[in-house]
Amino acid sequence: MNTRSLTVLALRLVLAATLAVSGYIHAQLYIDGYRLVRVIGSLFLLQASTAFAVAALLLLAAPLLLRIAAAAIAVCTLVGFVASRTTGLFGFSENGLQPAPQALLSLIAETLTLLILASWQVSEARRHRRARPTDGQGGHEGDLDPRLSVSQQGRGAALSVSGAADAERTRSLTVLALRLVLAATLAVSGYIHAQLYIDGYRLVRVIGSLFLLQASTAFAVAALLLLAAPLLLRIAAAAIAVCTLVGFVASRTTGLFGFSENGLQPAPQALLSLIAETLTLLIVVAWQPSLTAVVRSRAAAAEHAEGLAPPVGHRRLYDVLWLLLPVAVAAGLFWYGRAHTPDYETSLFGNRGRDAQLLKAQLGSALLGLALIQLLLALWIYGRLPALRAAPHAVHTTHRLIGLTAFLLSLPIARHCIAAYGVQFTDTRVALHSLIGCFLYGAFVAKVIVVRHRRWPGWALPLAGGTLVTAIALIWYVAPFWYLNGFQVPGL
């Protein structure tokens, strides 16, 4: 990797760190009491959610849009800081560097964010000036076939340029249309949730905060999509739609943080929201196949013009950085479990107390059974069961379906655990259960990433799958087995 790539990587990681620090400070202040301040509490949660979202995306790449978003977050935070200590902000005022030390740390984080972005932009401008070709250096030897006449070469070059221009215009119009429609569906979804938040959902514990979080991230991604649509933003749009749909289904089946709703109520917002999220997912799914061929052809042409392919080390570095996403998932669950106030009366399919514990033990045992079946099927697929011939295609399909079933089965168990108990360290067994539970979903995300990215070494997928099965087995040992064994577990 060259010096410039290392510099960009360092700037990207430091920028993500300063944003995450700023988001963490505001999230902690929100939890500690600012959530009770009218308007200001919502602004603190909005700042934290957008800062965390942009920081997570910066771990993967740093297009200009994300750098602009980072600058906007820092500037708005500083403006709010100054306003709250001078003219007041929505009737709220604060004194000096209070609360300490959070106010000072936030100022440092925001200032560092802007300084990093300014130095980044200056270095980019200098690089572009140095790379600008001088007059007479735009040609390449060997571009034209010497066996053709000058007139033939001219006609061929003209047709090639014309065809390329037509293809580029078609692609640009397609991208523009998809981008605008995707931004519109996200904005509609965000508007619906923002309106419901204002109309009364802000008073519902946890759910109000989730509605505001959904609206803020949907509006932020929709605004960025109006300017460009890199892969990261399309992934973010799909993630917002999926999480919203999952919350919709949970609130109408098992309940969500003690909250439940009926059918398509409130009307018509529930139905409109369903339509908006479904359209968002359909657009994201339709986008990729329609543009993949064009993107690949342009990438191949660029590589040919440059005379070399992307550095292997650069691709591997991005693969490794993908693994920061599972770490973020595990850390996010841990943070929420510690910050959340446990509600021991949380129900699991209508069961509470000992009845809920028994049901969780039964579901956890079923989950372990599915994981063991997954392990056997994986050994068959990899040819590690000598008594069986090569696994047919049906085995691969069954393996994937059982994996999906196991994941869906784990969700109500995990929701009840984190809502009813959070992350606790009262004794060794409880601490292990809490930590492994957070690790489990990070391991699941890691396995999905390894499956989707084909460039990983051959041992990566078995390692990820084995780690996931081991985590499920350990959770079963310290929780379902403990309950079914009369509240005792050997060794703990």
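Rules and cut-offs
- Residues numbered from 1 in each chain as written.
- Predicted model: local features only at pLDDT ≥ 70, side-chain atom pairs only at ≥ 80, totals over all residues.
- Heavy atoms only, no water.
- Helix = DSSP H or I, 4+ residues; strand = E, 2+ residues; numbered from the N terminus.
- Buried < 20%, exposed > 50% of the residue type's maximum accessible area, 1.4 Å probe, protein only.
- Contact = heavy atoms within 4.5 Å.
- Phe/Tyr/Trp six-rings, centres within 6.5 Å; stacked < 30°, edge-to-face > 60°.
- pLDDT = per-residue confidence, 0-100.
- Axes fitted to C-alpha atoms, helices over the stretch in contact; angles between N-to-C directions.
- Left-handed = near helix turned anticlockwise from the far one by under 90°.
- Nonpolar A, V, L, I, M, F, W, Y, C, P; charged D, E, K, R; others polar.
- Expected span 1.5 Å × (residues − 1).

Visitor: Would you explain the side chain of Thr77 in this entry?
Guide: Tracing the backbone shows Thr77 in helix α3 (residues 64-84). Thr77 sits in the buried class, given a relative accessible area of 10%. Discounting chain neighbours no more than four positions away, the residues touching Thr77 are His26, Gln47, Ser106 and Glu110.

Visitor: Just to check I follow, could you spell out the packing of aromatic side chains for this structure?
Guide: For any pair of aromatic rings, geometry is given as the distance between the ring centres together with the angle between the planes. For the structure on display, the rule yields 13 aromatic pairs. Considering the side-chain rings of Tyr344 and Tyr421, the 5.8 Å spacing of their centres and the 55° angle between planes classify their relative orientation as tilted. Residue Tyr344 is located in the loop between α10 (324-339) and α11 (354-381), and its partner Tyr421 is located in the loop between α12 (393-420) and α13 (428-452); the two are separated by 77 residues in the primary sequence. You can call Tyr344 partly exposed: its relative accessible area is 48%.

Visitor: Explanation requested: the confidence of the model for the chain in the structure shown.
Guide: Any residue range with low pLDDT should be treated as having predicted coordinates unsuitable for detailed reading. For the chain, mean pLDDT is 80; residues scoring 70 or higher make up 83% of the total. In this model residues 134-148 is a low-confidence stretch, pLDDT under 50, and it forms 4 contacts with partners more than four residues away in sequence or in other chains. Note that pLDDT drops below 50 for residues 290-314; the model gives that stretch 14 contacts with residues more than four away or on any other chain.

Visitor: What should I look at first to understand the packing of α12 against α13 in this one?
Guide: The relative placement of two packed helices comes down to the angle between their axes together with the axis-to-axis distance. One can describe the packing of α12 onto α13 by two numbers: an axis separation of 12 Å at closest approach and a directional angle of 145°. Classified by chirality, the crossing of α13 by α12 is left-handed. Contact with α12, carried on its side by Phe407, Ser410, Leu411, Ala414 and Cys417, involves His433, Tyr441 and Phe444 of α13 and no other residues of that element. Partitioning the contact of α12 with α13 into residue classes produces 6 nonpolar, 2 polar and no charged.

Visitor: Looking at this structure, I do not really get α3. What am I missing?
Guide: Counting along an α-helix, one turn takes 3.6 residues, and residues three or four places apart therefore face a common direction. Relative to the 30 Å expected for 21 residues at 1.5 Å per residue, α3 spans 30 Å between its end C-alpha atoms, a close match to the ideal helical length. Of the positions making up α3, those classed as buried are Leu65, Leu66, Arg67, Ala69, Ala70, Ile73, Ala74, Thr77, Gly80, Phe81, Ala83 and Ser84.

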